[in-house]
Amino acid sequence: TSPLLIVPLVEAGKLLVSLVLYGLSRLTGSTSPHHWEGAWAVGKLMLPVAVLFMFTNSFSFIVIARLDLDARAAWQNSNIIFSALLWVWVMDRSIALHGWVGVCLCMCSACFNSIQHDGTVSADWAVLGQLLVCFLSALSSVWNEEVLKCPAASQLDINQGGILLYSQCLMVMLIASIFIRGPTEELA
């Protein structure tokens, strides 16, 4: 199945969950009276995040099709490393020493997966692709959090942020599916 089908279906599912949770919060009265104030500003800030998420999710399927499952599982943990680094550099947060030790151990475990029984190192372009996917995923996540913590988003709850993000992701993928045909079709 093509990523141009799977990714929008997943985003539609997440949008549906956010809409249901938002509706439930409206029924219980836990949503702010100014419930969509700032949504336009947040939506404009979130659009590049949605584009990056959709590119990353689609590219991930291409990498998955070409990477051994054990290597993908091991290198997927590099997302933790990139998230930690971006969290410190972009969000100006600190991580305790034991956190950095955990990050280093995580990186070592991924590297050990590439060492074969005879001592040779096995890494192909798909591993580099997985590293790129992990970096872009971490970047998307940190950027999304930065947007959700901006002043314009102060009136929105997490479900409204989800509605904005997932609807934009869905629109980006639907537009992309109209214009893009190529490497993703060969995975179908």
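Residues numbered from 1 in each chain as written. Predicted model: local features only at pLDDT ≥ 70, side-chain atom pairs only at ≥ 80, totals over all residues. Heavy atoms only, no water.

Participant: Explain helix α2 (residues 39–66) to me, please; I cannot follow it from the model alone.
Facilitator: Helical geometry note: an α-helix holds 3.6 residues per turn, so side chains three or four residues apart project in the same direction. Here α2 contains 28 residues, and its C-alpha end-to-end distance of 39 Å stays within 8% of the 40 Å for a straight helix at 1.5 Å per residue. If you look at α2, its biggest bend is around 35°, right at Met 46, and the proline Pro 48 turns up within four residues after that. (Helix = DSSP H or I, 4+ residues; strand = E, 2+ residues; numbered from the N terminus. Expected span 1.5 Å × (residues − 1). Bend = angle between axes of the 7 residues up to and from the residue.)

Participant: Help me understand a nonpolar patch on the surface in this model?
Facilitator: A grouping of Leu 16, Val 17, Val 20, Leu 21, Leu 24 and Leu 27 is seen on the molecular surface, where their side chains present a nonpolar patch of about 590 Å² in accessible area. In this structure Leu 27 comes out as exposed when scored by relative accessible area, which is 74%. (Patch = residues over 30% accessible without salt bridge, like charges linked within 9 Å, V, L, I, M, F, W, Y side chains within 5 Å. Areas by Shrake-Rupley, 256 points an atom, 1.4 Å probe, with all protein chains shown as cover. Salt bridge = Lys/Arg side-chain N within 4 Å of Asp/Glu carboxyl O. Buried < 20%, exposed > 50% of the residue type's maximum accessible area, 1.4 Å probe, protein only.)

Participant: I'm lost on the packing of α2 against helix α7 (residues 158–179) in this one. Help?
Facilitator: Each packed pair of helices is defined by two parameters, the angle between the axes and the distance between the axes. Axis separation between α2 and α7 bottoms out at 8 Å; the angle between their running directions is 50°. Comparing the axis directions of α2 and α7 gives the class oblique. Classified by chirality, the crossing of α7 by α2 is right-handed. Of α7, the residues touching α2 (which contributes Ala 39, Val 42, Gly 43, Met 46, Leu 47, Val 49, Ala 50, Val 51, Phe 53, Met 54 and Ser 58) are Gly 161, Leu 164, Leu 165, Gln 168, Cys 169, Val 172 and Met 173. Looking at the contact of α2 with α7 residue by residue, the classes come out as 14 nonpolar, four polar and no charged. (Axes fitted to C-alpha atoms, helices over the stretch in contact; angles between N-to-C directions. Parallel < 35°, antiparallel > 145°, perpendicular 65-115°, else oblique. Left-handed = near helix turned anticlockwise from the far one by under 90°. Contact = heavy atoms within 4.5 Å. Nonpolar A, V, L, I, M, F, W, Y, C, P; charged D, E, K, R; others polar.)

Participant: What exactly am I supposed to notice about the packing of aromatic side chains here?
Facilitator: The description of an aromatic ring pair rests on the distance of the ring centres and on the angle between the ring planes. This structure, assessed with the given rule, holds three aromatic pairs. Note on Phe 55 and Phe 59: the rings are 5.8 Å apart at their centroids and 5° apart in plane angle, and the pair reads as stacked. You can see Phe 55 and its partner Phe 59 sitting in helix α2, four residues apart, about one turn around the helix. Overall, the relative accessible area of 45% leaves Phe 55 in the partly exposed class. For Phe 59, a relative accessible area of 18% puts it in the buried group. (Phe/Tyr/Trp six-rings, centres within 6.5 Å; stacked < 30°, edge-to-face > 60°.)

Participant: Even after reading the chapter, I still don't get the side chain of Gln 168, so can you show me in this structure?
Facilitator: With respect to the helices, strands and loops of the structure, Gln 168 is situated in helix α7. A distance of 3.3 Å separates the side chain of Gln 168 from the backbone nitrogen of Leu 47, its partner in a polar contact. Apart from residues no more than four positions distant in its own chain, Gln 168 is found in contact with Gly 43, Met 46, Leu 47 and Ala 50. (Polar contact = N/O pair within 3.5 Å; in protein donor to acceptor, adjacent residues only side chain to side chain.)

Participant: Is there a simple way to think about the pattern of salt bridges in this case?
Facilitator: Opposite charge on two side chains permits them to pair, given that their charged atoms come into close proximity. One pass over the full model with this rule turns up two salt bridges. The salt bridge involving Lys 14 is made with Glu 11; its shortest N-O contact spans 3.0 Å. Here Lys 14 and its partner Glu 11 are both found in helix α1 (residues 3–28), three residues apart, which amounts to about one turn of the helix. Overall, Lys 14 belongs to the partly exposed group, its relative accessible area being 32%. Since its relative accessible area comes to 2%, Glu 11 is described here as buried. Between Lys 149 and Glu 145 there is a salt bridge whose closest N-O contact spans 2.7 Å. Accessibility expressed as a relative area gives 22% for Glu 145, which makes it partly exposed.

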